[in-house]
Amino acid sequence: MASEGGMVARHFGRCPEYTIFEVRDGTVTGRTVVPNPGHQPGFLPVYLGDMGVSCIIAGGMGPRAQGLFEQQGCQQQGDTQQAMPFPSNTCSRRMKE
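This section reports on the structure supplied with the text. (Residues numbered from 1 in each chain as written. Predicted model: local features only at pLDDT ≥ 70, side-chain atom pairs only at ≥ 80, totals over all residues. Heavy atoms only, no water.)

**Let's talk about the overall build of the protein**
Under the convention used in this document: Helix and strand definitions here come from DSSP, where helices need a minimum of 4 consecutive H or I residues and strands a minimum of 2 consecutive E residues; each element is numbered from the N-terminal end. Three exposure classes are used, based on accessible area relative to the maximum for each residue type with a 1.4 Å probe and protein chains only: buried under 20%, partly exposed in between, and exposed over 50%. Residues count as neighbours in contact if any of their non-hydrogen atoms are within 4.5 Å of one another.
Each helix and strand in the protein was counted, giving 2 helices and 9 strands. In the protein, the succession of α and β elements from N to C terminus is β-β-β-β-α-β-α-β-β-β-β. Of all 97 residues assigned to the protein, the portion counted as buried reaches 36%. Taking the contacts inside the protein whose residues are at least 6 apart along the sequence as the reference set, 43% of them involve residues at least 24 apart.

Spelled out as structure tokens, the structure:
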């Protein structure tokens, strides 16, 4: 999840960090925060995919990033109109914290 200040960040590539949730059987079993290594077109989808990310949550992202995530079979969720609190139901899985 593209994150900023405890919220889903408005822009995928320019957020300060990514919060990676590990989910097993619909329950969050782990959370890791990874600093954004820098916005470089085409880099971040591959970088996160190499970490095993299978769903990305962001307020918005550009078409190139969307296409790269689609090529990797990575689900995408977001709302470009507002920053959102950490989600309780995303990417087709109910998460319990």
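**A short note on the layout of surface pockets**
Spelled out, the test is: Any residue with an atom within 4 Å of a point lines the site, the site being either a cavity, points on a 1 Å grid over the protein atoms alone where a 1.4 Å probe fits but cannot get out, or a pocket, an open set with protein on both sides within 12 Å along at least 5 of 7 lines. Grid points are joined across faces, edges and corners, and a volume is the space filled by probe spheres set on the points. Under the scheme applied here, ten amino acids are nonpolar (Ala, Val, Leu, Ile, Met, Phe, Trp, Tyr, Cys and Pro), four are charged (Asp, Glu, Lys and Arg), and all others, including Gly, are polar.
Volume-wise, the second largest pocket comes out at about 150 Å³. Forming the walls of the second largest pocket are 13 residues, and the residues nearest its centre are His39, Pro41, Gly42, Arg64 and Ala65. In terms of residue count, helix α2 (residues 63-71) provides more of the lining of the second largest pocket than any other element does, 3 residues in total. For the lining of the second largest pocket, a count of residues per class yields 6 nonpolar, 6 polar and 1 charged.

**Thoughts on unusual backbone geometry**
One non-glycine residue, aspartate 25, lies in positive phi territory at about 50°. Note on placement: aspartate 25 falls in the loop between β3 (17-24) and β4 (27-35). Here aspartate 25 falls in the exposed class, since its relative accessible area comes to 80%.

**Some remarks on the pairing of β3**
Note the threshold: DSSP bridges decide pairing: two strands pair if at least two such bridges lie between them.
Bridge count between strand β1 (residues 2-4) and β3: 2 bridges; the pairing is antiparallel. From the neighbouring strand, alanine 2 faces β3, where its bridge partner is tyrosine 18. With 8 bridges connecting them, β3 and β4 associate as antiparallel partners. Paired with valine 23 across the bridge in β4 is valine 28. Between β3 and β4, which follow one another and run antiparallel, lie 2 residues, and aspartate 25 among them has a positive phi close to 50°.

**Quick notes on the packing of aromatic side chains**
Worth spelling out the cut-off: Stacked, tilted and edge-to-face pairs are distinguished by plane angle, under 30 degrees for stacked and over 60 for edge-to-face with tilted covering the rest, among Phe, Tyr and Trp rings (Trp via its six-membered ring) whose centres lie within 6.5 Å.
With the rule as written, the count across this model stands at 3 aromatic pairs. Ring geometry for phenylalanine 12 and tyrosine 18: centres 5.5 Å apart, planes at 55°, overall tilted. What makes phenylalanine 12 buried here is its relative accessible area of 3%. Exposure remark for tyrosine 18: the relative accessible area of 1% places this residue in the buried category. Among the aromatic residues, those joined into a ring-pair cluster are Phe12, Tyr18 and Phe69.

By themselves, these figures tell us nothing about what the structure is for.
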